[in-house]
Amino acid sequence: MTSVHDVAVVGLGPVGATLTALLAQRGVRVLVVEQSADVFALPRAAHIDHMGLRTLQELGLLDELLPGMIPNPGLEFRSADGETLMRIPGDQGSVSGLPASMYFHQPTLDGTLRRHALSLPGVTARVPATLESFGQDQDGVTLRLRHPDGTETRERASWLIGADGSWSPVREGAGLTLEDLGFDERWLVVDLQLPRPMPHLPTQAVHMCDPRRPHTAIPMPDLRYRFELQLNEEDDPAEAVRPERVAELLSGWLDVDDVEVVRAATYVFHGLVARRWRAGRVLIAGDAAHQMPPFLGQGMCSGMRDAVNLAWKLARVVRARMDLAEAEPVLDTYESERKPHVRAITEAVIAFGGVICSRDPEYAAERDRRLLADPRPLEKRIPFSLPRLQPGPLVAEGGGRLFGQPPVRGRGLDDTVGDRFLLIARDRRDVDPWWCVQDDVLTVVTEPGAGDELRRFAARTLESRGVRVVLVRPDRYVLYAGDDVDHVREAYSLLRGREGVLS
Ligand SMILES: Cc1cc2nc3c(=O)[nH]c(=O)nc-3n(C[C@H](O)[C@H](O)[C@H](O)COP(=O)(O)OP(=O)(O)OC[C@H]3O[C@@H](n4cnc5c(N)ncnc54)[C@H](O)[C@@H]3O)c2cc1C
């Protein structure tokens, strides 16, 4: 049987839809399978960071979605007495040239991503259809799908990606297992629709580190508001979602008769990361590969980073018609880059969870005393920043940081570079002509006196890093910063396949 589709993506949540669109925009033929005819109508994620926004920019959806979001002025951690213990800023600029952090409405985002993904040429949709099982051989993967009328069909693809959420049948079917990072707390999530602005509610997200009932208040766009409340061991989850109990639990903030309770649901917040992210031709992404408590709003953002990391590599694997053996060194960098990154974030979130969730009044009093006596600014008390990528085959000397995005001719640099490498050099002699004939490398030489915005930015970049050359990957991470780009010619060539094809 010949492969009909290059890649099959199972799951059209935010991660599967992002991955499908990023692949299709690169000319990859994608089969997408989703069991639900419509997007999940209630929000789970509320916060998106600048890297997520940068991905929306790449998808051409930022101008449509950004006006519906609200800025995050900063996430505060407060004591039971309402004193601010520390703060993670959200209102500063970002390296991406976009707001550092925004709040959004997930069904709107998911719907827009889904519509966009399904509208792209090369995308074949099986929606609604359920993946029942799959099997792989040396050349591809065969999927068995069940349709709403009870019929079954088989589809064939070269690669299968499970973006099918926390229960991930793809992860299970591929025999991939999760490592438990040691967090297991039940929380109640209550989404409200306010009839009018309620000025007494915080206008920024606030973690109330109150040992009697740790909880979080989160403003969302269009007068939506969320409370997340930790449940005690003795709390019965079924009882916690009853309207009278919800009213009681929120009574410190508002009278629920004044608002509409859109939903109340309990979740178990976990810290889980898959041990392996690939088995042969099958890979996993998003909640299928990792789950974390939502305290820093990083779960979906991390899943979108998986999609970005995988899309440019998989597109090159497909274009160069690599077989499994040839593709393995490329695809293994997906796990070796993404797993430590998401693990570091999950561990940071769990550490913050330790601060937020303590039920021990003595510990909480001591924590509050210590943090209130800390002479450092609120932002520096327990700082959080996104990690860099660890060194590896595609992260060489000087690499691993996200590259900046200055405006270039009124647009972001990413729009100019597109799905290419960006090679910045001080002098033409720093770049072997070999690089200049590669069709997926945009070379910028910072000739002295050049007036172009991009050249000026490039010159500043080289100067600030004290190097002659910088090579940036299509996902905007720096691959190399040094004096001789030929050091990474082999690493770059990994992506061109045996025959150097990029048709
Ligand atoms: C209370 C809460 C608050 C959160 N807050 C934030 C936040 O502020 N910021 C943030 O970044 N993250 C947050 N998260 C995490 C975020 O919601 C998830 O990480 C994200 O939604 C996961 O997206 P996904 O696409 O990986 O999975 P999902 O959205 O779960 O999508 C998986 C899809 O796969 C489909 N599927 C499953 N099995 C099959 C099958 N056999 N056949 C066909 N289709 C199938 C499902 O129908 C589903 O549509 C929060 C989570 C919770 C619970």
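The rules behind these values
- Residues numbered from 1 in each chain as written.
- Predicted model: local features only at pLDDT ≥ 70, side-chain atom pairs only at ≥ 80, totals over all residues.
- Heavy atoms only, no water.
- Near = heavy atom within 4 Å.
- Polar contact = N/O pair within 3.5 Å; in protein donor to acceptor, adjacent residues only side chain to side chain.
- Areas by Shrake-Rupley, 256 points an atom, 1.4 Å probe, with all protein chains shown as cover.
- Helix = DSSP H or I, 4+ residues; strand = E, 2+ residues; numbered from the N terminus.
- Axes fitted to C-alpha atoms, helices over the stretch in contact; angles between N-to-C directions.
- Parallel < 35°, antiparallel > 145°, perpendicular 65-115°, else oblique.
- Contact = heavy atoms within 4.5 Å.
- Nonpolar A, V, L, I, M, F, W, Y, C, P; charged D, E, K, R; others polar.
- Salt bridge = Lys/Arg side-chain N within 4 Å of Asp/Glu carboxyl O.
- Buried < 20%, exposed > 50% of the residue type's maximum accessible area, 1.4 Å probe, protein only.
- Core = buried A, V, L, I, M, F, W, Y, C linked by side-chain atoms within 4.5 Å.
- Domains from an automatic or database assignment.
- Phe/Tyr/Trp six-rings, centres within 6.5 Å; stacked < 30°, edge-to-face > 60°.

J.: Whenever I open this one, the site of the ligand confuses me. Can you help?
T.: By nearness alone, 33 residues border the ligand, and Glu34, Ala46, His47, Asp287 and Met300 come closest of all. Valine 15 has a polar backbone atom sitting 3.0 Å from an oxygen atom of the ligand. Measuring from a nitrogen atom of the ligand, one finds a backbone N or O atom of glycine 299 at 3.4 Å. Isolated, the ligand exposes 1,000 Å² of accessible area, and the fraction of that covered by the protein chains is 89%. Sort the elements by how many residues they give to the shell around the ligand and helix 8 (residues 299-319) lands first, with three residues.

J.: Honestly, the packing of helix 8 against helix 9 (residues 324-357) in this entry has me stumped. Any pointers?
T.: Pairs of packed helices are described in terms of their axes, by the angle between the two and the distance that separates them. Remark: helix 8 packs on helix 9, axes separated minimally by 10 Å, with the N-to-C direction vectors making an angle of 170°. Classified by the interaxial angle, the pair formed by helix 8 and helix 9 is roughly antiparallel. Contact residues: Ser302, Arg305, Asp306, Asn309, Leu310, Lys313, Leu314 and Val317 in helix 8; Ala327, Val330, Leu331, Thr333, Tyr334, Glu337, Arg338, His341, Val342 and Ile345 in helix 9. Classifying every residue of the contact of helix 8 with helix 9 gives nine nonpolar, four polar and five charged.

J.: Got a minute to help me understand the pattern of salt bridges in this structure?
T.: A side chain of one charge can pair with a side chain of the opposite charge if their charged atoms are brought near each other. Across all of its chains, the model carries 47 salt bridges by this definition. Between arginine 263 and aspartate 191 there is a salt bridge whose closest N-O contact spans 2.9 Å. Taken together, the residues span a long stretch of sequence, with arginine 263 in strand 16 (residues 260-274) and aspartate 191 in strand 12 (residues 178-193) at a distance of 72 residues. The same class applies to arginine 263 as to aspartate 191, namely buried.

J.: Help me understand unusual backbone geometry in this model?
T.: Peptide bonds are mostly trans, and most non-glycine residues show a negative phi. Following valine 127, the chain continues into proline 128 via a peptide bond in cis, with omega recorded as 0°. Here proline 128 shows up in the loop between strand 8 (123-126) and strand 9 (130-136). Of note in this structure, aspartate 222 is not a glycine but carries a positive phi near 60°. Phi angles above zero are rare outside glycine, and arginine 321 is one such case at about 50°.

J.: Is there a simple way to think about the side chain of arginine 213 in this case?
T.: Residue placement: arginine 213 occurs in the loop between strand 13 (206-209) and strand 14 (215-220). Arginine 213 sits in the buried class, given a relative accessible area of 15%. A distance of 2.8 Å separates a polar side-chain atom of arginine 213 from the backbone oxygen of glutamine 230. Each residue touching arginine 213, except ones within four places of it in the same chain, is listed here: Met208, Leu229, Gln230, Leu231, Asn232, Asp235, Arg245, Leu249 and Arg359.

J.: Would you take a moment to explain the nonpolar core for this structure?
T.: Taken as a class, soluble globular proteins show a tendency for nonpolar side chains to be buried jointly. If you look at the biggest cluster of nonpolar residues, it comprises 121 residues, and the most contacted ones within it are Ile48 and Leu56. If you tally residues by element for this core, the top one is helix 9, at 13 residues. In this structure, this core is formed jointly by two domains, domain 1 (2-69 + 103-177 + 273-345) and domain 2 (413-496), each of which donates at least three residues. For isoleucine 48, the residues in contact, after removing those within four places along its chain, are Leu53, Leu56, Met69, Ala100, Ser101, Met102, Phe104, Met300, Cys301 and Met304. One finds Val190, Leu192, Leu231 and Trp253 within the second-largest nonpolar core, a separate group that totals 21 residues.

J.: Quick question: what am I supposed to make of the packing of aromatic side chains here?
T.: For any pair of aromatic rings, geometry is given as the distance between the ring centres together with the angle between the planes. Summed over all chains, the structure comprises 16 aromatic pairs. Where tryptophan 187 meets phenylalanine 295, the ring centres are 5.2 Å apart and the plane angle is 55°; that geometry is what we call tilted. In this pair, tryptophan 187 is assigned in strand 12 and phenylalanine 295 in the loop between strand 19 (290-291) and helix 8, connecting sequence segments 108 residues apart. Across the pair, phenylalanine 295 and tryptophan 187 agree in class, each one buried.

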